[in-house]
Amino acid sequence: MLLDNQYASFNWAGSLVEPTPLDSPSLLLVNYDLAESLGISLDDRQWLEITSGHRLLPGMTPFAQVYAGHQFGGFSPRLGDGRALLLGEVVAPGGARWDLHLKGAGKTPYSRFGDGRAVLRSSLREYLASEALHYLGIPTTRALCLVGSGEPVYREQVEPGAALLRAAPSHLRFGHFEYFYYSGQPEHIPALLDYLIDTQWPDLEKGPQGYGALFERVVTRTAELIARWQAVGFCHGVMNTDNMSMLGLTLDYGPYGFLDAYDPGHICNHSDPAGRYAYDQQPAVGLWNLQRLAQALSGHIELDALQQSLGQYEHQLLTAYSEHMRQKLGLEQWHEQDPALFRDMFSLLAEHGVDYSCWFRRLALLDAEGDLPAPLAALLPKPDAWHDWFARYRARLVLESRTQAERRAAMDAVNPNYVLRNHLAQRAIERAEQGDMAEADTLLQLLARPFDDRPEFNDYAEPAPAWAASLCISCSS
Ligand code: AMP
Ligand code: MG
């Protein structure tokens, strides 16, 4: 295994910090498939020792990165890895470089008032969600290993502690560039851009032109990422610029959530009463965040180039989103009457609080004629209210050239049967807190093949039960 830490050679970009080992750790989950694809082969004892901060491999140089960020609209000049460490960079078999990042590794110079630790609840939530998104085809950081600890962690209540080893081609955030811009050290910005080019995008040249192309790429990837979130009904919950990945990955899972009942203004984060990061705000927040990044890069890229890239964002996002939605509805092409059909569907979904994921999955059962399929009717509190809409959708299906079976297969390939609903994660967390990982394992198996139909796991493909509405997920993790 080829391991080093190029980033740690930037002594101005953070601090060398050793992990603080966890007491009485236990190995809970290892992502052997991902490890294999990264060329990492370790035995379980090594996984446990590394993730619990008891061992470093040759080549690892643990380093806490400094960054800043706009949090809920206000600028925080110095954040950084307050409880995570970049252990090293592994070179995967194809030559790609991946960060190994240990979250919950203890205090660093950036911990502020935090304890440097992570709780089992949030670490497992991150593990499950990053796997879920990955298998839904949504770019994300990945989870490699989860360990629990015997040390209690104090949040709103006392909780079991944990640490998560995660991996991503890079953990560079918009906030890294904001830090150097606002702290009056702009000379380090080209060094970080060059690092990104060297390690991730070697096709780009270094210098203003290449940096302009790099920014354009960040814009496109962000637009495409958020289009995917919207299409699948994923709410990130804390889209601060320090949680925005330069590579367009879903990064830093906190109070995220998948939509249950369709509600465009859904707020998944209990600590966001104003709904700054509500589901329907995510596209606009993405642009706002990119504007903050543009500001930070403005000394190194022509203003015109920055503006031109920003100007493409909305179109890119809408184009990608519209393409995802066309497929979710099972249509081969958009026709003139479709936008109205589409809008009216969303009005009805919102008015009747219909489950978002189940709706698309079960819509595939509808034929151009015949009775309303029972699983679809079961989702609708007032099926009669949909009479008109179904008539229009069915009339529209007649214009399709695919057979019903072909359309259904195409819809099933894009509309997941299994998404990580909060109550499913909660059930796995409660078991894990009692030392039983069986439920987490089951969930991971289902989420790894989200488009399959597994009748023995029907319960996991149903709308959330009423008690799920009382689950309260906040920033505190
Ligand atoms: P987050 O809300 O998780 O994105 O974190 C925002 C900032 O707070 C980052 O700089 C984190 O490193 C830091 N932070 C969050 N939780 C802790 C903690 N328990 N101990 C130290 N720093 C933390
Ligand atoms: Mg964060």
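On a predicted model such as this, the values are computed, not experimentally measured, just so you know.

Novice: Explanation requested: the overall build of the protein chain in the structure shown.
Specialist: Along the backbone of the protein chain there are 15 helices and 13 strands. Since a compact globule built from 477 residues should have a radius of gyration of about 23 Å, the 23 Å found for the protein chain is in line with a globular shape. Principal axes of the C-alpha set define a box for the protein chain whose edges measure 70 × 55 × 45 Å. Taken across its 477 residues, the protein chain has 57% of its residues classed as buried. Accessible surface for the protein chain amounts to roughly 19100 Å². Of this, 50% is attributable to carbon and sulfur atoms. Averaged over its 38 positive side-chain charges, the protein chain has a centre that lies 2 Å from the centre of its 59 negative ones.

Novice: In this structure, what is going on with the site of ligand 1? I would like to understand it.
Specialist: Contacts to ligand 1 come from 16 residues, most closely from Gly 80, Gly 82, Arg 112, Asp 115 and Gly 116. Within the side chain of Arg 83, an N or O atom sits 3.2 Å from a nitrogen atom of ligand 1. In the model, an oxygen atom of ligand 1 is placed 3.1 Å from a nitrogen or oxygen of the Asn 243 side chain. Protein burial of ligand 1: of its 480 Å² of free accessible surface, 82% is covered by the chains. For the shell around ligand 1, the residue count by class is 2 nonpolar, 7 polar and 7 charged.

Novice: I'm lost on the coordination of the magnesium ion (ligand 2) in this one. Help?
Specialist: Note on the magnesium ion (ligand 2): its protein donors are Asn 243 (OD1) and Asp 252 (OD). The metal-donor distances range over 2.0 to 2.2 Å. Taken as a pair, Asn 243 and Asp 252 share a single burial class, namely buried.

Novice: I keep staring at the nonpolar core and nothing clicks. Help me out?
Specialist: Soluble, globular proteins show a tendency: their nonpolar side chains are buried together. Within the largest apolar cluster, 148 residues are counted, with the highest numbers of intra-cluster contacts made by Leu 144, Phe 177, Trp 359, Leu 363, Trp 389 and Leu 420. For this core, the element with the highest residue contribution is helix 6 (residues 208–232), accounting for 12 residues. Apart from the residues lying within four places of it in its own chain, the contact partners of Leu 363 are Leu 329, Leu 376, Trp 389, Phe 390, Tyr 393, Arg 407 and Met 411.

Novice: I keep staring at the packing of aromatic side chains and nothing clicks. Help me out?
Specialist: Applying the stated rule across the entire model yields 28 aromatic pairs. Taking 5.7 Å as the distance between ring centres and 80° as the angle between the ring planes, the aromatic pair formed by Phe 10 and Tyr 195 counts as edge-to-face. Taken together, the positions of Phe 10 in the loop between strand 1 (2–4) and strand 2 (14–16) and Tyr 195 in helix 5 (residues 188–199) put the pair 185 residues apart, joining distant regions of the chain. Classification of Phe 10 as buried rests on a relative accessible area of 17%. Consider the rings of Phe 234 and Tyr 253, whose centres lie 6.3 Å apart with planes at 70°: the pair is edge-to-face.

Novice: Help me out: how do you make sense of the layout of surface pockets in this one?
Specialist: The space that makes up the second largest pocket amounts to roughly 460 Å³. Residue lining of the second largest pocket: 25 residues in total, with Asp 260, His 266, Asn 422, Ala 468 and Ala 469 positioned closest to the centre. In the lining of the second largest pocket, the residues fall into 16 nonpolar, 6 polar and 3 charged. Both domains that furnish three or more residues to the lining of the second largest pocket are identified here as domain 2 (175–327) and domain 3 (332–412).

Novice: For this particular structure, what's the right way to read empty space enclosed by the protein?
Specialist: Rolled over the atoms, a probe sized like a water molecule indicates the empty space that remains. The tally for this structure, following the rule as stated, stands at 3 cavities of 30 Å³ or more. As for the largest cavity, its lining consists of Thr 222, Leu 225, Trp 229, Asn 243, Met 244, Ser 245, Gly 248, Leu 249, Thr 250 and Leu 251. Of the residues in the lining of the largest cavity, the class split is 5 nonpolar, 5 polar and no charged.

Novice: Got a minute to help me understand helix 12 (residues 387–397) in this structure?
Specialist: The periodicity of an α-helix, 3.6 residues per turn, causes residues three or four places apart in sequence to face the same way. Every buried residue of helix 12 is listed here: Trp 389, Phe 390, Tyr 393, Arg 394, Arg 396 and Leu 397. The buried residues of helix 12 occupy an angular sector of 155° when the element is viewed end-on, so they sit on one face. Pointing more than 90 degrees away from the buried face of helix 12 are the exposed residues His 387 and Asp 388. The inward-facing, buried residues of helix 12 abut helix 9 (338–352), helix 10 (356–363), helix 11 (374–377) and helix 13 (404–412).

Novice: Looking at this structure, how should I read the domain arrangement of the protein chain?
Specialist: Much of the literature gives interface size as the accessible area that the parts lose upon coming together. What the domain assignment reports for the protein chain is domain 1 (2–171), domain 2 (175–327), domain 3 (332–412) and domain 4 (422–461). With 15 residues of domain 2 at the contact, the number on the domain 3 side is 14 residues. Of all residues in domain 2, Tyr 262, Met 325 and Arg 326 give up the largest surface area on contact with domain 3, accounting jointly for 56% of the area buried on that side. Run the count over domain 2 and domain 3 and you get 0 salt bridges. At the boundary of domain 2 with domain 3, the tally comes to 6 residue pairs in polar contact (both at pLDDT 80 or more). Residue assignment for the side of domain 2 that touches domain 3 shows that the elements contributing at least two residues are helix 6 and helix 8 (303–328). Considering every element that reaches the side of domain 2 that touches domain 3, the biggest residue donor is helix 8, with 5 residues. Across the side of domain 2 that touches domain 3, the residue classes break down as 9 nonpolar, 4 polar and 2 charged.

Novice: What am I meant to see in the pattern of salt bridges here?
Specialist: Charged atoms that come close allow side chains of opposite charge to pair. Scanning the model with the defined rule gives 29 salt bridges in all. A salt bridge links Glu 126 to Lys 103, with the shortest nitrogen-to-oxygen separation between them at 2.9 Å. Within this pair, whereas Glu 126 is found in helix 3 (residues 120–135), its partner Lys 103 is found in strand 8 (residues 97–103), the two being separated by 23 residues in sequence. Of the two residues, Glu 126 and Lys 103, both sit in the buried class. Within this structure, Lys 103, Glu 126, Arg 166, Arg 173 and Asp 252 form a network of salt bridges that share partners.

Novice: Please clarify how unusual backbone geometry should be interpreted in this entry.
Specialist: Backbone phi values are negative for most residues with the exception of glycine, while trans is the configuration of most peptide bonds. One non-glycine residue, Phe 72, lies in the positive phi region at around 50°. Judged by its relative accessible area of 32%, Phe 72 is partly exposed. The backbone of Asp 252 shows a phi angle near 65°, a positive value even though the residue is not glycine. Looking at where Asp 252 falls in the secondary structure, it is placed in the loop between strand 12 (234–235) and strand 13 (257–258).

Thresholds, definitions, all that
- Residues numbered from 1 in each chain as written.
- Chains lettered and ligands numbered in written order.
- Predicted model: local features only at pLDDT ≥ 70, side-chain atom pairs only at ≥ 80, totals over all residues.
- Heavy atoms only, no water.
- Helix = DSSP H or I, 4+ residues; strand = E, 2+ residues; numbered from the N terminus.
- Rg over C-alpha atoms; globule rule 2.2 N^0.38 Å.
- Buried < 20%, exposed > 50% of the residue type's maximum accessible area, 1.4 Å probe, protein only.
- Areas by Shrake-Rupley, 256 points an atom, 1.4 Å probe, with all protein chains shown as cover.
- Lys, Arg positive; Asp, Glu negative; His and termini not counted.
- Charge placed at Lys NZ, Arg CZ, Asp CG, Glu CD.
- Near = heavy atom within 4 Å.
- Polar contact = N/O pair within 3.5 Å; in protein donor to acceptor, adjacent residues only side chain to side chain.
- Nonpolar A, V, L, I, M, F, W, Y, C, P; charged D, E, K, R; others polar.
- Donors = N, O, S within 2.8 Å, 3.2 Å for Na, K, Ca; no water.
- Core = buried A, V, L, I, M, F, W, Y, C linked by side-chain atoms within 4.5 Å.
- Contact = heavy atoms within 4.5 Å.
- Phe/Tyr/Trp six-rings, centres within 6.5 Å; stacked < 30°, edge-to-face > 60°.
- 1 Å grid on protein atoms, 1.4 Å probe; cavity = no way out; pocket = protein on both sides within 12 Å on 5 of 7 lines; lining within 4 Å.
- Points joined across faces, edges and corners; volume = space filled by probe spheres on them.
- Domains from an automatic or database assignment.
- Arc of directions from axis to C-beta.
- Buried area = accessible area lost by both parts, 1.4 Å probe.
- Salt bridge = Lys/Arg side-chain N within 4 Å of Asp/Glu carboxyl O.

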